[in-house]
Amino acid sequence: MPGLLRGVARTAVVAGTATAVSNRVSRRQAGRWAQQESAQPAAAEAPPPPPPAAAPAPAADDMTAKIDQLKQLSTLKDQGVLTEEEFAEQKRRILG
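Bear in mind the structure is a predicted one, so any value in this text is a computation, not a measurement.

Caption draft 1: View of the overall build of the protein chain. A count of helical and extended segments in the protein chain gives three helices and zero strands. Secondary structure of the protein chain in N-to-C order comes out as α-α-α. Working note: accessible area of the protein chain is about 7900 Å², and carbon and sulfur atoms make up 60% of it.

Rendered as structure tokens:
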């Protein structure tokens, strides 16, 4: 009987140690992920680059240039660089 109790006690100690180590690793990993997530928004909140300035051009080329600018703005909005309000404001400015 003493051998059985010793084996059960040893198993309990090993299982308890494994659980403690596993919990510590999980907490450390969660802490690292939280630090990474908190660091990313700070870098992502950089002010958006100013939109390209419209250059005077002939009437046909002027419309093509406006369409190109709108496509660029749309791409920036899709990437999350511009908000919906910023996109609408620049669109109004380009279209006059």
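Caption draft 2: Spatial organisation of a positive patch on the surface. Judged by side-chain charge, Arg24, Arg27, Arg28 and Arg32 come together as a positively charged surface patch. Along the chain, Arg32 turns up in helix H1 (residues 2-44). The class of Arg32 is partly exposed, set by a relative accessible area of 48%.

Caption draft 3: Local environment of helix H3 (residues 84-95). For H3, built from 12 residues, the straight-helix expectation of 16 Å at 1.5 Å per residue is met to within 8% by its first-to-last C-alpha distance of 16 Å. Within the sequence span of H3, burial applies to Phe87, Gln90 and Ile94. Angularly, the buried residues of H3 cover 70° about the axis, an arc narrow enough to put them on a single face. Among the exposed residues of H3, those oriented more than 90 degrees off its buried face are Glu85 and Arg92. Of the residues one or two after H3, Gly96 is the one with positive phi, at around 85°.

Caption draft 4: Region of the structure containing the packing of aromatic side chains. A complete count under the given rule lists zero aromatic pairs for this structure. Taking the ring centre of Phe87 as reference, the NZ or CZ of Lys77 above it sits at 4.7 Å.

Caption draft 5: Representation of the confidence of the model for the protein chain in the model. Looking at the protein chain, pLDDT values average 77 and 79% of them are 70 or higher. Across the protein chain, element-level confidence peaks in H3 with a mean pLDDT of 88 and bottoms out in H1 with 76.

Caption draft 6: Examining the pattern of salt bridges more closely. Scanning the entire structure with this criterion turns up two salt bridges. We note a salt bridge from Lys77 to Glu84, for which the minimum N-O separation is 3.5 Å. Here Lys77 falls in the partly exposed class, since its relative accessible area comes to 25%.

The rules behind the values
- Residues numbered from 1 in each chain as written.
- Predicted model: local features only at pLDDT ≥ 70, side-chain atom pairs only at ≥ 80, totals over all residues.
- Heavy atoms only, no water.
- Helix = DSSP H or I, 4+ residues; strand = E, 2+ residues; numbered from the N terminus.
- Areas by Shrake-Rupley, 256 points an atom, 1.4 Å probe, with all protein chains shown as cover.
- Patch = residues over 30% accessible without salt bridge, like charges linked within 9 Å, V, L, I, M, F, W, Y side chains within 5 Å.
- Salt bridge = Lys/Arg side-chain N within 4 Å of Asp/Glu carboxyl O.
- Lys, Arg positive; Asp, Glu negative; His and termini not counted.
- Charge placed at Lys NZ, Arg CZ, Asp CG, Glu CD.
- Buried < 20%, exposed > 50% of the residue type's maximum accessible area, 1.4 Å probe, protein only.
- Expected span 1.5 Å × (residues − 1).
- Arc of directions from axis to C-beta.
- Phe/Tyr/Trp six-rings, centres within 6.5 Å; stacked < 30°, edge-to-face > 60°.
- Lys NZ or Arg CZ within 6 Å of the ring centre and 35° of its normal.
- pLDDT = per-residue confidence, 0-100.

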